[in-house]
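Listed below are the residues making up each chain.
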Amino acid sequence: MRAGEHPPDGCERSADAAAYVLGALEPAEAEAFRQHLAGCALCQEEIDSLRPAVQALPMSAPQRPAPRPLRRRVMRAVRAELRASAPRRRAFALRGLRARAALGGIAAAAALGIGLGVGLGLSGSPSGRLIRAQVLGISGSAELRLSSGRGELIVRHLSPPPPGEVYEVWLKPPGSKPVPASVLFTVDQRGEAVVGLPGSLRGIGAVMVTPEPRGGTTAPTHSPVIVARLT
Amino acid sequence: MELVRGEDVRAFEVVFDRHGGAAYSLAYRICGSRSRAEDIVQEAFLALWRNSARYDPLRGSVRAWILSVVHNRAIDALRREAVEAQRVRDEFLSEQLSGSESTEAEAEKRDDARRVRLALEQLPSEQRRVIELAYFGGFTHSEIAGMLGLPAGTVKGRMRLGLSKLRFALGAGLAP
């Protein structure tokens, strides 16, 4: 092995640091390294040293201007949300819930290195349909709000996921296996969260939630704790 | 960002104009698809709009935050697609790694982008390759080891060496 390919002296785990900041450790390895980081100043220093290089990598992509139609799409969605947000908050008396859930989501994403699950163009129109979801084996309640084919999962007083785990959302087409919705979330101290579901829910039979290891999985490994049936 | 926190749509337009191109470029580099890249960028900016009140400048720049969300979502989409479609990895490699080859043909307007690209291109190819496979391809070190026929430790070592050199090459221009 050439010079420089050895991990730095002092902690053999620091050999995983580069793969960690690149998001290239296996999920179980990443979780173990994350826990190790909490008590290893050397590895944390290594992470702090390498992370700026990773943060610069996006700029190595050939730079293209954002298409004008994309700009119009984004701004149209933003204006729609702005118009919808006030009546929605009044109608459902959930002022602050989204912000608190968003805070939890961001914190979780930042801590876990995962993507935030956010909804697209969620309409807050009063015509939205509210589906009460089953909560299985844990305490709390959950509702799925549907509007224009898109959904938002609202949980209250929900038990937090077990230590080291997060809640992962699944979309189950009728007669098919559930597929990941690419949304991971946790709840705040009051067990509350508002979780936007990306994409359309058309053709989906049920929205489910399972506790999964941090970082999520590609197939459920636990029984669902929340099931919202759409059909 | 203070204005965006105040739900100022015009301020948000400025934010999009300032960072939309970099976000779209990253998403396109990872996905190789215009429509998917647009979806991902839209999701990222809507997330920013919804969560702007929680933006903490002490934890990084707005650009870093947006690009982090774009990266996570693009890689997630890539992995999901790979699982669902059983995509052939060799095809992916040949398509995705062509980015650096086409670099010279790209109209380059941003000095920092050119600087990062040059620094990456100056890395030994074996180090650049594992970094690109991990960051832009979303592959784990063990997947890369399997693809390249290398021990996992060698892959991780090359990642570390490459990132260290990149950090050194970019020097003080990088935010800590």
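Summarised in this report is the structure supplied together with it. (Residues numbered from 1 in each chain as written. Chains lettered and ligands numbered in written order. Predicted model: local features only at pLDDT ≥ 70, side-chain atom pairs only at ≥ 80, totals over all residues.)

## Here's the deal with the packing of helix 2 (residues 9-31) of chain B against helix 3 (residues 34-51) of chain B
All names here are of chain B. Axis separation between helix 2 and helix 3 bottoms out at 9 Å; the angle between their running directions is 140°. In terms of their interaxial angle, helix 2 and helix 3 are classed as oblique. For the pair helix 2 and helix 3, the crossing hand works out as right-handed. Judged by residue contacts, F12, F16, G20, A23, Y24, A27, Y28 and C31 of helix 2 engage R34, R36, A37, I40, V41, A44, F45 and W49 from helix 3. (Axes fitted to C-alpha atoms, helices over the stretch in contact; angles between N-to-C directions. Helix = DSSP H or I, 4+ residues; strand = E, 2+ residues; numbered from the N terminus. Parallel < 35°, antiparallel > 145°, perpendicular 65-115°, else oblique. Left-handed = near helix turned anticlockwise from the far one by under 90°. Contact = placed C-beta atoms within 7 Å.)

## Let's talk about unusual backbone geometry
Residues and elements named next belong to chain A. With phi around 55°, H157 is a residue other than glycine that occupies positive phi space. Checked against the element boundaries, H157 lands in the loop between strand 3 (150-156) and strand 4 (165-172). For H157, a count of 13 C-beta atoms within 10 Å corresponds to the partly exposed category. (Buried ≥ 20, exposed ≤ 12 C-beta atoms within 10 Å, placed from the backbone.)

## Thoughts on the sheet that holds strand 3 of chain A
All names here are of chain A. Read from one edge to the other, the open sheet built from 8 strands follows the order 5-4-7-8-1-2-3-6, with strand pairing classed as antiparallel. For this open sheet the edge positions go to strand 5 (179-185) and strand 6 (193-197), each flanked by a neighbour on one side alone. Put simply, the sheet's adjacent strands are angled 25° from each other on average, direction ignored. Of the pairings in the sheet, the one linking strand 4 to strand 5 comprises 4 bridges and is antiparallel in character. Bridge pairing in strand 5 links E168 to L184. (Pairing = 2+ DSSP bridges.)

## With respect to helix 2 of chain B
Residue and element names in this part refer to chain B. Between its first and last C-alpha atoms helix 2 spans 29 Å; for 23 residues at 1.5 Å apiece the expected length is 33 Å, and the helix comes up short by more than 12%. At H19, helix 2 shows its strongest bend, of approximately 50°. After helix 2 finishes, the residue G32 shows a positive phi value of roughly 70°. (Expected span 1.5 Å × (residues − 1). Bend = angle between axes of the 7 residues up to and from the residue.)

The analysis is restricted to geometry; functional conclusions fall outside its scope.
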